[in-house]
Amino acid sequence: MDSQHLHSVSVAGVVIDGRGRALLTQRRDNGHWEAPGGILELDEDIVSGLIREIREETGLQVEPLSLSGVYKNMARSIVALVFRCRVVGGELAETDEARAFCWVTAGEVQSLASEAFAVRVLDALESSGVPAVRQHDGARLLQDGYER
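Residues numbered from 1 in each chain as written. Predicted model: local features only at pLDDT ≥ 70, side-chain atom pairs only at ≥ 80, totals over all residues. Heavy atoms only, no water.

**Concerning helix H1 (residues 46–58)**
Then, in step 1: With 13 residues, H1 extends 18 Å between its outermost C-alpha atoms, agreeing within 8% with the 18 Å of an ideal straight helix rising 1.5 Å per residue.
Then, in step 2: Buried residues of H1: Gly49, Leu50, Ile51, Arg52, Glu53, Ile54, Glu57 and Thr58, and no others.
Then, in step 3: Here the buried face of H1 lies against strand S1 (8–15), strand S2 (22–27), strand S4 (37–39), strand S5 (60–73), strand S6 (78–90) and strand S7 (98–104).
Then, in step 4: For H1, the side-chain oxygen to backbone nitrogen distance between the N-cap and Val47 is 3.2 Å, and the N-cap itself is Asp45. (Helix = DSSP H or I, 4+ residues; strand = E, 2+ residues; numbered from the N terminus. Expected span 1.5 Å × (residues − 1). Buried < 20%, exposed > 50% of the residue type's maximum accessible area, 1.4 Å probe, protein only. Contact = heavy atoms within 4.5 Å. Polar contact = N/O pair within 3.5 Å; in protein donor to acceptor, adjacent residues only side chain to side chain.)

**A few points about the sheet that holds S7**
Then, in step 1: Judged by pairing direction, the sheet is antiparallel, and its 3 strands sit side by side in the order S3-S2-S7 without closing on themselves. At either end of the open sheet lies a strand with only one pairing partner, and these are strand S3 (33–34) and S7.
Then, in step 2: When S2 meets S7, the two strands line up antiparallel, connected through 6 bridges. Directly across from Leu24, in S7, lies its bridge partner Cys102. (Pairing = 2+ DSSP bridges.)

**A short note on the state of the cysteines**
Each disulfide consists of one covalent bond between the sulfur atoms belonging to two cysteines.
Then, in step 1: Scanning the entire structure with this criterion turns up 0 disulfides.
Then, in step 2: Of all cysteine sulfurs in the structure, the one in Cys102 sits closest to Cys85, which takes part in no disulfide; the separation is 17 Å.
Then, in step 3: Residue classification places Cys85 among the buried positions, given a relative accessible area of 0%.
Then, in step 4: Given a relative accessible area of 19%, Cys102 falls into the buried group. (Disulfide = S-S within 2.5 Å.)

**Observations regarding the nonpolar core**
Then, in step 1: With 22 residues, the main nonpolar core has Val14, Ala22, Leu24, Tyr71, Val104, Val109 and Val121 as its most contacted residues.
Then, in step 2: Elements represented by at least two residues in this core include exactly S1, S2, S6, S7 and helix H3 (115–126).
Then, in step 3: No other element matches the 7 residues that H3 contributes to this core.
Then, in step 4: Excluding its chain neighbours within four sequence positions, the residues that come into contact with Leu24 are Trp33, Glu34, Ala35, Ala100, Phe101, Cys102, Val104, Val109, Leu112 and Val121. (Core = buried A, V, L, I, M, F, W, Y, C linked by side-chain atoms within 4.5 Å.)

**Notes on the side chain of Thr95**
Then, in step 1: Within the secondary structure, Thr95 sits in the loop between S6 and S7.
Then, in step 2: Within the local environment of Thr95, its side chain forms a polar contact with the backbone nitrogen of Glu97, the two atoms lying 3.1 Å apart.
Then, in step 3: When neighbours within four sequence positions are excluded, Thr95 is seen to be in contact with Arg28, Glu56, Glu57 and Thr58.

What follows is the structure in structure tokens.
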């Protein structure tokens, strides 16, 4: 298969606290606010990769509770699996990848994150049990996604 037909798979965790707020990290590389996550390694299963990425970016140990959405960045051919998670250990700490953290409500996330990344948090906070399936261009949502 030629590289034109390859996709990258990433995982992200919308970590929810006891007050119903979601954790956002501010990335060191571009300053964007997003849920913690990253690219799966080739030999890594999905849940292990999710737990590793969140620990590397935040210092937190999490437990995934449910798949909240599947998102494709059409411009970069990245498929992201996003999970609703809860903290089971560790402490927030700045890392090589994240320079700041904030706990946000559904109303606050849209003022910090781009539409394509805010919707991931909103879908996880809604938690209807049915994962959303959406496409975006890296910043804005594109039509024809499956909305719950």
